[in-house]
Amino acid sequence: IDRWSVRRSLRLVALVMLAGALLRVLMPGFTGLIAGQLLIALTQPLVMALIAQLARVWFAPAQQLRATSIGTLALFVGLALAFTVLPPTSNLSIAVTQRIDVLVLLALTALSFMIVPPDPAPQFDAGSVSEKSSLRVLLQPRLLVLFALIFLGNGYFNAIFTWLEPMLGANGIDAEHAGLIALAMLIGGVAGMAAVPAWPAL
């Protein structure tokens, strides 16, 4: 991502996600599902890194924090959309939903080639950083604590949403209502993300 343009990286991510979705359709069964999911999963850290890279390349330093915040919020909007769409489509077969995934990702991939402009000329020199200095920065004790919090936070988040439906199902709550509960939890989390950073300023 540091060596390629944002547009080129975005197109690569879109193509890999589309390949993963196609693999799930072309190889019905558990093996194809896992292989396709792994391909799609490989793009997740790339997408998250692209948010910061896009903010750095396309925005002035004073605008980068806001651009990163909006890009990060888009991840949760996508989750909220998934939880909203899931209940009405719960009666569809897995094969049908996988084909819908292919069509959606095909459209997004086409858009990434059609409407995403080239990166602007560099205006803000971030300077060069050696590998040794980068490692020294990353190994600071305060940053290690931050990394641990992110690790645990993301782990708990994914674990809760992965096991939420079976846990609720064991208590008599169907998939449709489980999706609504997950959506409410997500909205609460996003509200917390918006509110908590404002507390130190009070």
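Residues numbered from 1 in each chain as written. Predicted model: local features only at pLDDT ≥ 70, side-chain atom pairs only at ≥ 80, totals over all residues. Heavy atoms only, no water.

1. Details of the environment of valine 13
- Residue placement: valine 13 occurs in helix H1 (residues 6-26).
- Under the relative-accessibility criterion, valine 13 is labelled buried at 5%.
- Put simply, valine 13 and leucine 42 are 29 residues apart on the chain and 8.9 Å apart in space, counted from C-alpha to C-alpha.
- Among all residues touching valine 13, those that are not within four sequence positions of it are Thr43, Leu46, Val47 and Leu50. (Helix = DSSP H or I, 4+ residues; strand = E, 2+ residues; numbered from the N terminus. Buried < 20%, exposed > 50% of the residue type's maximum accessible area, 1.4 Å probe, protein only. Contact = heavy atoms within 4.5 Å.)

2. Overview of the packing of aromatic side chains
- Applying the stated rule across the entire model yields zero aromatic pairs.
- Over the ring of tryptophan 4 we find arginine 8; its NZ or CZ atom is 3.9 Å from the centre of that ring. (Phe/Tyr/Trp six-rings, centres within 6.5 Å; stacked < 30°, edge-to-face > 60°. Lys NZ or Arg CZ within 6 Å of the ring centre and 35° of its normal.)

3. A few points about the packing of H1 against helix H2 (residues 30-58)
- Taken N-terminus to C-terminus, the directions of H1 and H2 make an angle of 165°; their axes are 8 Å apart at the nearest point. With respect to H2, the axis of H1 lies roughly antiparallel. Here the hand of the crossing between H1 and H2 comes out left-handed. (Axes fitted to C-alpha atoms, helices over the stretch in contact; angles between N-to-C directions. Parallel < 35°, antiparallel > 145°, perpendicular 65-115°, else oblique. Left-handed = near helix turned anticlockwise from the far one by under 90°.)

4. Points about the environment of glycine 36
- Secondary-structure assignment places glycine 36 in helix H2.
- What makes glycine 36 buried here is its relative accessible area of 0%.
- When the C-alpha atoms of glycine 36 and methionine 17 are compared, they prove to be 8.4 Å apart, with 19 residues separating the residues in sequence.
- Each residue touching glycine 36, except ones within four places of it in the same chain, is listed here: Gly20, Leu23 and Arg24.

5. Thoughts on helix H3 (residues 61-85)
- Under the 1.5 Å per step criterion, the end-to-end length of H3 is 37 Å for 25 residues, consistent within 8% with the ideal 36 Å.
- Within the sequence span of H3, burial applies to Ala67, Gly71, Phe76, Ala80 and Phe83. (Expected span 1.5 Å × (residues − 1).)

6. Remarks on H2
- For H2, spanning 29 residues, the distance from its first C-alpha to its last is 41 Å, which sits close to the expected 42 Å at 1.5 Å a residue.
- Listed in full, the buried residues belonging to H2 are Gly32, Gly36, Ile40, Thr43, Leu50, Ile51, Gln53 and Ala55.
- Looking at the packing, one finds that the buried side of H2 touches H1 and H3.

7. A closer look at the side chain of glutamine 98
- Secondary-structure assignment places glutamine 98 in helix H4 (residues 94-114).
- Setting aside chain neighbours within four positions, we find glutamine 98 in contact with Arg24, Val25 and Leu33.

8. Considerations on a nonpolar patch on the surface
- Taken together, Leu15, Leu92, Val96, Ile100, Val104, Leu108, Leu111, Phe113, Met114 and Ile115 make up a surface patch of nonpolar side chains, about 900 Å² in accessible area.
- One can find isoleucine 115 in the loop between H4 and helix H5 (131-138).
- For isoleucine 115, a relative accessible area of 58% translates into the label exposed. (Patch = residues over 30% accessible without salt bridge, like charges linked within 9 Å, V, L, I, M, F, W, Y side chains within 5 Å. Areas by Shrake-Rupley, 256 points an atom, 1.4 Å probe, with all protein chains shown as cover. Salt bridge = Lys/Arg side-chain N within 4 Å of Asp/Glu carboxyl O.)

9. Describing the nonpolar core
- Formed by Phe76, Ala80, Phe83, Leu164, Leu168, Ala178, Ala182, Leu183 and Leu186, the largest nonpolar core amounts to nine residues.
- Among the secondary structure elements, those contributing two or more residues to this core are H3, helix H6 (141-169) and helix H7 (175-195).
- The element that contributes the greatest number of residues to this core is H7, accounting for four residues.
- Contact partners of alanine 178, with chain neighbours within four places excluded, come to Leu164, Glu165, Leu168 and Ile173.
- With five residues, the next largest nonpolar core counts Ala21, Val25, Val102 and Leu105 among its residues. (Core = buried A, V, L, I, M, F, W, Y, C linked by side-chain atoms within 4.5 Å.)

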